[in-house]
Amino acid sequence: MLDFTRYLRPDEVEAALQAFAAAHPTLCTISAIGQSHEGRSIWCATLTNQATGPDREKPAFWLDANIHATEVTGCMGALHVIQSLLGRYGNDPRVTQLLNERALYIVPCLNPDGMEQALTSPIYVRSGTRRYPYADERDGLYPADIDGDGQILDMRIADPDGGWKISEHDPRLMRRRAPDEVGGRYYRVYTEGLIRGYDGTQVKIAPPAQGLDFNRNFPYIWAPEGEQHGAGPFPTSEPEVRAAVAFLVDHPNVSCAIAYHTFSGVLLRPYSDKPDDQLPIEDLWTFKEIGERGKALTGYPHVSVYHGFRYHPRQVMSGAFDDWAYHQLGIFAWTVELWDMVGAAGIKERDFIEWFRNHPEEDDLKLLRWNDEQIGGRGFVPWRPFTHPQLGEVEIGGWIERRTFGNPPEELLEATLAPNTEFVIAHALMTPRLELRQATVDALGAGLFRVRATVANSGYLPTYGSKRAEAVQAVRPIEVELKLAAGAELVTGELRQTIGQLEGRANKRALWGADYPTDNLHRMEWSIRAPDGGTILITAAGQRAGTARVELQLG
Ligand SMILES: [Zn+2]
């Protein structure tokens, strides 16, 4: 049992997954879906009751985490989902039904190399540890722990040209200098580090040595480095991304997905590059309906990246997982940004991105107060003098970002994860699901039998998942097959036929909705001639909705 009081390293995550599988062999199996750049296994836990059928014959949900190295909350969140499902199976009817009828593919650490570095080194890495875009070292300021305290913080340096000054309200706080402000003591603020190729005057900022961003490497409007930082040399060039893409293409039973990230406390959805009116309207309604469930369970609002989470107001992001999964496969895919320190400090209504560009000093004071009162001051290192080998007298201090903005302090981890586990459970229960009902055999005499059955979709989503999936033919029509015993012959009907798709409870958005048809049902009928006592098998298979089987006795 994990207690979620600390962040686990990749080898501990692997051990935890092995322990889950060993303790619950009928509900949890683990397998490697690929290898990282440094050769670590990328583990996937498959959760389903194997006694009720193999995972590939069940509708499925995908959850991955930690594609961004320092966003270690995500990995713990995925482990929290696994432990909750295994612990609640047999006690909680929702979870029991979920694992009996459906499968979850959970990759707690899609990027083990980056996560290992994030947990063992103060050097920031966005995703992968491979050097990119430059193989060699470049001139400029690069991050380094120059005072040996184990952290890379900020350096402030007195400079009459500086754009910062010390707040009058709290000496820890740096405030922007007003455009017309003169006559004060001003500072430049840099990341703690050293300057390669320093000429004694000019400070350049070196490009990141490990500049890959795996969440820009997916094959959706992929763009090269000059247009999209971190993109990598070509789509799926990175083995971690390729593993996720190959797995999902190979598992058409997945209709819904979440990627766990930090931070902001928001449920993000496609698209990143175009407005909502360019989604099929039914998919937009469904995304919003799922998002409302998520909001009720997590307290996080839901918004498209284009409308509510753009890093630059005039640029769009390319190569992201959720866009790719929706656009190519029609998967209802989300990026869940776990943890919201800004909100925790009492700053509620805000634009998630623009707030970081510009916000009132009052907000900064709230953050420092939250640090002092809620986490014992552990999130902020007060400025202290240090003699920099190149720049001379500086002060080093500031937020320990990875343990404040970036991830919750350990004592708040479980409270951050638990509501999101409920959203995963809810979302996975929304997947389509095929059933065979009312299967009957009537003996008509003279060796003739009439066989009937109803193919039903009991899920919220239609059997094709999304309109996007239907449009790009990501999902084949449902196939129904009748297998006869030896000696039997078909008189009417077809042994193998496609019946199209079945609707669910989604996409029901007429203004007056009282008279929806039973369009989740399809009635089948055959007549066969056969000796008494044989058996026949009816199979209905949908790629997203799973496979249903029923065996019937003749006579
Ligand atoms: Zn992220």
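**Let's talk about the overall build of the protein chain**
Okay, step 1: Looking only at helices and strands, the protein chain features 13 helices and 24 strands.
Okay, step 2: When its C-alpha atoms are laid out on the principal axes, the protein chain stretches across 105 × 50 × 45 Å.
Okay, step 3: Expressed as a percentage of the 555 residues in the protein chain, the buried residues total 54%.
Okay, step 4: In the protein chain, of all internal contacts separated by at least 6 residues, the share reaching a separation of at least 24 is 74%.
Okay, step 5: Counting only carbon and sulfur atoms, one obtains 50% of the accessible surface of the protein chain, whose full area is about 23,800 Å².
Okay, step 6: Taken together, the 56 basic and 74 acidic charged side chains of the protein chain have centroids lying 4 Å from each other.

**Structural notes on the nonpolar core**
Okay, step 1: Of all hydrophobic cores here, the largest spans 88 residues; its most connected members are Leu47, Trp62, Leu79, Leu104 and Phe321.
Okay, step 2: The leading source of residues in this core is helix 2 (residues 72-88), at 9 residues.
Okay, step 3: Per-domain counts for this core show at least three residues from each of domain 1 (10-121 + 212-339 + 416-428) and domain 3 (434-553).
Okay, step 4: Filtering out sequence-adjacent residues up to four positions away, Leu104 remains in contact with Ala45, Thr46, Leu47, Phe61, Leu85, Leu98, Leu99, Val424 and Ala428.
Okay, step 5: Among the nonpolar cores identified, the runner-up in size contains 24 residues, and Ala453, Leu482, Ile536 and Ala545 belong to it.

**Considerations on the coordination of the zinc ion**
Working reference: metal with six octahedral donors, ideal angles 90 or 180 degrees; metal with four tetrahedral donors, ideal angle 109.5 degrees.
Okay, step 1: Surrounding the zinc ion are the protein donor atoms His68 (ND1), Glu71 (OE), Glu71 (OE) and His261 (ND1), at 2.0 to 2.5 Å.
Okay, step 2: What the 4 donor atoms of the zinc ion show is an angle range of 56 to 152 degrees at the metal, which sorts the shape as irregular.
Okay, step 3: Along the chain, the residues donating to the zinc ion are arranged with the sequence spacing H-x2-E-x189-H. Of this pair, His68 sits in the loop between strand 3 (60-65) and helix 2 while His261 is found in strand 11 (residues 254-262), placing the two residues 193 residues apart along the sequence. No difference in accessibility class separates His68 from His261, as the two residues are buried.

**Some details on the packing of aromatic side chains**
Okay, step 1: Counted according to the given criterion, the structure contains 19 aromatic pairs.
Okay, step 2: Plain terms: the ring middles of Tyr271 and Tyr326 are 5.6 Å apart, the flat faces sit at 70 degrees to each other, and that makes the pair edge-to-face. A residue pair is termed long-range when its members are at least 10 positions apart, and Tyr271 in the loop between strand 12 (266-269) and helix 6 (281-298) and Tyr326 in helix 8 (residues 321-329) qualify at 55 residues. In terms of burial, Tyr271 and Tyr326 fall into one category: buried.
Okay, step 3: Ring centres of Trp355 and Phe356 lie 4.9 Å apart, and the angle between their planes is 85 degrees; this geometry places the pair in the edge-to-face category.
Okay, step 4: Assessed through its relative accessible area of 6%, Trp355 is described here as buried.
Okay, step 5: When its relative accessible area of 36% is taken as the criterion, Phe356 is described as partly exposed.
Okay, step 6: An aromatic cluster of three or more residues is present, and its members are Tyr220, Tyr271, Phe287, Tyr326, Phe332, Trp334 and Phe423.
Okay, step 7: Lying across the ring of Tyr142, Arg196 places its NZ or CZ 3.9 Å from the centre.

**A closer look at the domain arrangement of the protein chain**
Okay, step 1: Segmentation of the protein chain into domains returns domain 1 (10-121 + 212-339 + 416-428), domain 2 (140-206 + 343-403) and domain 3 (434-553).
Okay, step 2: A C-alpha centroid distance of 33 Å is found between domain 1 and domain 2.
Okay, step 3: Tallying the contact residues gives 17 residues for domain 1 and 10 residues for domain 2.
Okay, step 4: At the boundary of domain 1 with domain 2, total buried surface from both sides reaches about 910 Å², with 64% on carbon and sulfur atoms.
Okay, step 5: Along the contact surface separating domain 1 from domain 2 lie 3 residue pairs in polar contact (both at pLDDT 80 or more).
Okay, step 6: When the residues that make up the side of domain 1 that touches domain 2 are grouped by side-chain class, the tally is 9 nonpolar, 7 polar and 1 charged.

**Thoughts on the sheet that holds strand 24 (residues 546-553)**
Okay, step 1: Strand order in the open sheet formed by 4 strands is 21-19-23-24, with antiparallel pairing between adjacent strands. Two strands in the sheet have a free side with no partner beyond their single neighbour: strand 21 (496-498) and strand 24. Pairs of neighbouring strands in the sheet enclose a mean axial angle of 15 degrees, with direction left out of account.

**Details of the confidence of the model for the protein chain**
Okay, step 1: Of the residues in the protein chain, 100% reach a pLDDT of 70 or more, and the chain-wide mean stands at 97.
Okay, step 2: Confidence scores differ between elements of the protein chain, with helix 10 (residues 354-357) showing the lowest mean pLDDT of 92 and strand 4 (residues 103-107) the highest of 99.

**Here we look at the pattern of salt bridges**
Okay, step 1: Overall, the coordinates contain 40 salt bridges when judged by the stated rule.
Okay, step 2: Taking the shortest distance from any N to any O, the salt bridge between Asp364 and Arg175 comes out at 3.2 Å. Taken together, the residues Asp364 in helix 11 (residues 361-374) and Arg175 in strand 8 (residues 174-176) connect sequence positions 189 residues apart. Across the pair, exposure class does not vary: Asp364 and Arg175 are buried alike.
Okay, step 3: With a closest N to O distance of 3.0 Å, Glu479 and Arg496 form a salt bridge. Residue Glu479 is located in strand 19 (residues 479-483), and its partner Arg496 is located in strand 21; the two are separated by 17 residues in the primary sequence.
Okay, step 4: You can call Arg496 exposed: its relative accessible area is 52%.

Reading the values: rules and limits
Residues numbered from 1 in each chain as written. Predicted model: local features only at pLDDT ≥ 70, side-chain atom pairs only at ≥ 80, totals over all residues. Heavy atoms only, no water. Helix = DSSP H or I, 4+ residues; strand = E, 2+ residues; numbered from the N terminus. Buried < 20%, exposed > 50% of the residue type's maximum accessible area, 1.4 Å probe, protein only. Contact = heavy atoms within 4.5 Å. Areas by Shrake-Rupley, 256 points an atom, 1.4 Å probe, with all protein chains shown as cover. Lys, Arg positive; Asp, Glu negative; His and termini not counted. Charge placed at Lys NZ, Arg CZ, Asp CG, Glu CD. Core = buried A, V, L, I, M, F, W, Y, C linked by side-chain atoms within 4.5 Å. Domains from an automatic or database assignment. Donors = N, O, S within 2.8 Å, 3.2 Å for Na, K, Ca; no water. Tetrahedral: all angles 85-135°; square planar, octahedral: opposite > 155°, others 65-115°. Phe/Tyr/Trp six-rings, centres within 6.5 Å; stacked < 30°, edge-to-face > 60°. Lys NZ or Arg CZ within 6 Å of the ring centre and 35° of its normal. Buried area = accessible area lost by both parts, 1.4 Å probe. Polar contact = N/O pair within 3.5 Å; in protein donor to acceptor, adjacent residues only side chain to side chain. Nonpolar A, V, L, I, M, F, W, Y, C, P; charged D, E, K, R; others polar. Pairing = 2+ DSSP bridges. Axes fitted to C-alpha atoms, helices over the stretch in contact; angles between N-to-C directions. pLDDT = per-residue confidence, 0-100. Salt bridge = Lys/Arg side-chain N within 4 Å of Asp/Glu carboxyl O.

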